[in-house]
Amino acid sequence: MALENIEQLEAKIDRLIDRHERVKKERETIEKKLQQKESEWHHLRGQMRQFERERSELRDKLDRIIGQFAALDLPD
């Protein structure tokens, strides 16, 4: 009877070790995906800042052009 209990305990420990390894690998995979997503987010955030700067520059240029036309005092 004692040998049977030891074998059951050993099998249970083996299953727990296998499960631990699977969970460990899943965690590593998830951490890598998280790092990739964070990297993408930083890249996209940088792009958004660049687009906002370009948009502001374009608005300033358009305002100057409109101001030049307004200064011409052309008839309607």
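The coordinates are above.
Quick caveat: nothing in here was measured; it's all calculated off a predicted structure. Numbering of residues starts from 1 in each chain and follows the order in which that chain's sequence is written. Owing to the predicted nature of the model, reporting of local features is limited to residues with pLDDT of at least 70; listing and counting of side-chain atom pairs is limited to 80 or more, with chain, interface and lining totals taken over all residues. Calculation of side-chain values draws on the structure's entire complement of heavy atoms; hydrogens and water are dropped beforehand.

Colleague: What am I meant to see in a nonpolar patch on the surface here?
Modeller: Side chains of Leu62, Ile65, Ile66, Phe69, Leu72 and Leu74 sit close together on the surface and give an oily, nonpolar patch of about 630 Å² of accessible area. Note on conventions: DSSP H or I runs of at least 4 residues are helices, E runs of at least 2 residues are strands, and numbering of each starts at the N terminus. Here Phe69 lies in helix α1 (residues 2-72). A patch consists of residues whose relative accessible area exceeds 30% and which take part in no salt bridge; residues with like charges are grouped when within 9 Å of each other, and nonpolar side chains (Val, Leu, Ile, Met, Phe, Trp, Tyr) when within 5 Å. Residue-level accessible areas treat just the shown protein chains as cover; the underlying method is Shrake-Rupley with a 1.4 Å probe. Salt bridges are defined by distance alone: a side-chain nitrogen of Lys or Arg within 4 Å of a carboxyl oxygen of Asp or Glu.

Colleague: What is the right way to read α1 from this model?
Modeller: Side chains that are three or four residues apart share a direction in an α-helix, a result of its 3.6 residues per turn. The length a helix should cover is 1.5 Å for every residue beyond the first. With 71 residues, α1 extends 104 Å from end C-alpha to end C-alpha; this agrees with the ideal 105 Å at 1.5 Å per step. One or two positions beyond α1, positive phi appears at Asp73, with a value near 55°.

Colleague: How do you make sense of the pattern of salt bridges when you look at a structure like this?
Modeller: A complete count under the given rule lists 2 salt bridges for this structure. Residues Arg27 and Glu31 are paired through a salt bridge, measuring 3.2 Å at the closest nitrogen-oxygen approach. Taken together, the positions of Arg27 and Glu31, both in helix α1 and 4 residues apart, correspond to about one turn of that helix. Notably, a salt bridge pairs Glu40 with Lys37, separated by 3.9 Å at the nearest N-O pair. One end of the pair is Glu40 and the other is Lys37, both in helix α1 and 3 residues apart, which spans about a single turn. According to the relative accessible area criterion, Lys37 is exposed, its value standing at 53%. Remark: exposure states derive from per-residue accessible area (1.4 Å probe, protein chains only) relative to the maximum for the residue type, with buried under 20%, exposed over 50%, and partly exposed in between.

Colleague: I keep staring at a negative patch on the surface and nothing clicks. Help me out?
Modeller: Negative charge collects at one region of the surface, where Glu4, Glu7, Glu10, Asp14, Asp18, Glu21 and Glu28 lie side by side. The residue Glu28 is located in helix α1 in this model. Of the residues examined, Glu28 reaches a relative accessible area of 39% and is grouped as partly exposed. Neither His nor the chain termini are counted; the positive set is Lys and Arg, and the negative set is Asp and Glu. Each charge is placed at NZ for Lys, CZ for Arg, CG for Asp and CD for Glu.

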